[in-house]
Amino acid sequence: MAVLVSVLAFLMTLAGGLTAMRVRDHRHLVLGLAGGLMLGVVAFDLLPESLELTRHRPFGVPAPMIGFAAGFVLLHVVEQAVAIHRAHEEEYAPHRHVRGSGSGGLLAASALVLHSLVDGLSIGFGFQTGTRTGVFVALAVVTHDFADGFNTFTAASLYRDDRRPAVLLLLADAAAPVAGAAIGMLATVPDAVLGPYLGVFAGVLLYLAAAEILPEAHSVHPRVMTLAATGLGLLAVLLSVGLAS
């Protein structure tokens, strides 16, 4: 049952990625929307969920928040190491990126695949608890998998001319919930591990949205429409989380 339900997540993820593929002529709006979706997922889904999973507080700080800071710094270090982003000092000024060097985007897209695997695991664990719980967990996963697919393709194709890595990561992201659901019916993972992981992933996602996607979206395009797209992304995630809760 868990694997069959996870097929819906597979289809929703593909739908999100295909949508991102077909609107590249309006790249600034795509990036603005993706930034809003990412911020929404971090604020309304990942961080609240991670804090609920574990109450462990090293040094008096919730473990997921330590993971959140570590994830943010991790992507910043990777970006500086491979010279992904080179902007002028002026905020949102036109700037150049090294084409074909979107390692930060590939890292974030890979993190999304791992997150989708965890989503699938959650479906499996939910159905281990009972059918009712499993259905509600699956509903929560499916409602945000469109955003996951959209963000996976957008992040993986950021600053890259070759779309093949983005397509492969999109397929991996779509298949991950199905694989995770199958594993989740057979194995158990302690919440003490899942909570900090989700915190790390939230930090990676926030850095990509704030330091890469949104500045690129605003660099050479009208800001009003881009801001509206960002607000729409935030609202969409908020409503999805509200409907699923």
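Computed from a predicted model, the values in this text were never measured in an experiment. (Residues numbered from 1 in each chain as written. Predicted model: local features only at pLDDT ≥ 70, side-chain atom pairs only at ≥ 80, totals over all residues. Heavy atoms only, no water.)

1. Notes on the overall build of the chain
What counts is decided by this rule: Here a helix means four or more residues in a row that DSSP labels H or I, a strand means two or more in a row labelled E, and each is numbered from the N terminus. Exposed residues in this analysis have more than 50% of their type's maximum accessible area, buried residues have under 20%, and partly exposed residues fall in between, with area computed by a 1.4 Å probe over protein chains only. Contacts are assigned to residue pairs with any non-hydrogen atoms lying within 4.5 Å of each other. The Shrake-Rupley method, run with a 1.4 Å probe, gives the accessible areas here. Residue values count only the displayed protein chains as cover.
A tally of regular secondary structure across the chain gives eight helices and two strands. Secondary structure of the chain in N-to-C order comes out as α-α-α-β-β-α-α-α-α-α. Considering the chain as a whole, with its 245 residues, one finds that 48% of them fall into the buried category. Long-range pairs, those at least 24 residues apart, make up 84% of the contacts in the chain between residues at least 6 apart in sequence. Accessible surface, the chain as shown: approximately 11400 Å² in total, 70% of it carbon and sulfur.

2. Regarding the packing of aromatic side chains
Applicable threshold: The pairing test for Phe, Tyr and Trp rings, Trp by its six-membered ring, is centres within 6.5 Å, and the orientation test on the planes gives stacked under 30 degrees, edge-to-face over 60, and tilted for anything in between.
The full count for this structure, using the stated rule, is two aromatic pairs. Here Phe-72 and Tyr-207 contribute two aromatic rings whose centre-to-centre distance is 4.9 Å and whose plane-to-plane angle is 80°, an arrangement assigned as edge-to-face. With Phe-72 in helix 3 (residues 63-82) and Tyr-207 in helix 7 (residues 191-218), this pair connects stretches of sequence that are 135 residues apart. Centre to centre, the rings of Tyr-197 and Phe-201 are 6.5 Å apart; their planes meet at 10°, and the pair counts as stacked. Here Tyr-197 and its partner Phe-201 are both found in helix 7, four residues apart, which amounts to about one turn of the helix. With a relative accessible area of 22%, Tyr-197 lands in the partly exposed category. Owing to a relative accessible area of 2%, Phe-201 belongs among the buried residues under this scheme.

3. Considering the UniProt feature "transmembrane region" (unreviewed entry) in the chain
Our working rule: UniProt positions are given in the numbering used here, feature names are shortened, and annotations may be inferred rather than shown by experiment.
UniProt feature "transmembrane region" (unreviewed entry): in the numbering of this structure it lies at residues 29-47, 59-78, 98-118, 167-188, 194-214 and 226-244. For the annotated span residues 29-47, helix accounts for 100% and strand for 0% of the residues, and the straight-line distance between the end C-alpha atoms is 26 Å. Each end of residues 59-78 is marked by a C-alpha atom, and these two atoms are 26 Å apart; helix forms 80% of the span and strand 0%.

4. A short note on the confidence of the model for the chain
Stated precisely, the cut-off is as follows: Within a predicted model, pLDDT stands for the predictor's per-residue confidence, ranging from 0 to 100.
Model confidence for the chain is summarised by a mean pLDDT of 76, while 77% of its residues fall at 70 or above. Here residues 83-101 scores under 50 on pLDDT; set against residues more than four positions off or in separate chains, the count is 45 contacts.

5. Examining the nonpolar core
The cut-off we apply is this: Put simply, a nonpolar core is a bunch of buried Ala, Val, Leu, Ile, Met, Phe, Trp, Tyr and Cys residues held in one set by side-chain atoms that sit within 4.5 Å of each other.
In this structure, Met-38, Leu-46, Leu-205 and Leu-208 are the most contacted members of the largest nonpolar core, which totals 40 residues. For this core, the elements supplying multiple residues, two or more each, are helix 1 (2-22), helix 2 (27-53), helix 3, helix 4 (103-129), helix 5 (131-156), helix 6 (164-184) and helix 7. The element that contributes the greatest number of residues to this core is helix 7, accounting for 10 residues. Non-local contacts of Leu-205, meaning those with residues more than four positions away in its chain, are made with Met-38, Val-41, Val-42, Leu-46 and Leu-112. Among the nonpolar cores identified, the runner-up in size contains eight residues, and Ala-9, Ala-138, Val-141 and Val-142 belong to it.

6. Some thoughts on helix 6
Put simply, the rule reads: To estimate the expected span of a helix, subtract one from its residue number and multiply by 1.5 Å.
Given a rise of 1.5 Å per residue, 21 residues ought to cover 30 Å, and the 30 Å separating the end C-alpha atoms of helix 6 matches this to within 8%. Along helix 6, the positions that sit buried rather than exposed are Ala-166, Leu-169, Leu-170, Asp-173, Ala-174, Ala-176, Pro-177, Gly-180, Ala-181 and Gly-184.

7. Some points on unusual backbone geometry
Backbone geometry at Phe-59 places phi at a positive 55°, although glycine is not the residue there. Topologically, Phe-59 is positioned in the loop between helix 2 and helix 3. Here Phe-59 falls in the exposed class, since its relative accessible area comes to 85%.

8. Let's talk about the side chain of Thr-230
Our working definition: Pairing of N or O atoms within 3.5 Å defines a polar contact, subject to two protein rules: one partner must be a possible hydrogen donor and the other a possible acceptor, and residues neighboring in sequence count only if both atoms are side-chain atoms.
Here Thr-230 is to be found in helix 8 (residues 223-244). Judged by relative accessible area, which is 9%, Thr-230 ranks as buried. One polar contact links the side chain of Thr-230 to the main-chain carbonyl oxygen of Gly-32, over a distance of 2.9 Å. Non-local contacts of Thr-230, meaning those with residues more than four positions away in its chain, are made with Gly-32, Leu-33, Gly-36 and Leu-214.

9. Overview of a nonpolar patch on the surface
Stated precisely, the cut-off is as follows: Only residues whose relative accessible area exceeds 30% and that form no salt bridge are eligible for patches; like-charged ones are grouped when within 9 Å, while nonpolar side chains (Val, Leu, Ile, Met, Phe, Trp, Tyr) are grouped when within 5 Å. Only one rule defines a salt bridge in this text: a Lys or Arg side-chain nitrogen within 4 Å of an Asp or Glu carboxyl oxygen.
Judged by side-chain polarity, Val-7, Leu-8 and Leu-11 come together as a nonpolar surface patch covering roughly 250 Å² of accessible area. Of note, Val-7 is situated in helix 1. You can call Val-7 partly exposed: its relative accessible area is 34%.

10. Remarks on the environment of Pro-190
As for its position among the elements, Pro-190 is in the loop between helix 6 and helix 7. You can call Pro-190 partly exposed: its relative accessible area is 49%. Through-space distance from the C-alpha of Pro-190 to that of Thr-54 is 9.2 Å; in sequence the pair is 136 residues apart.

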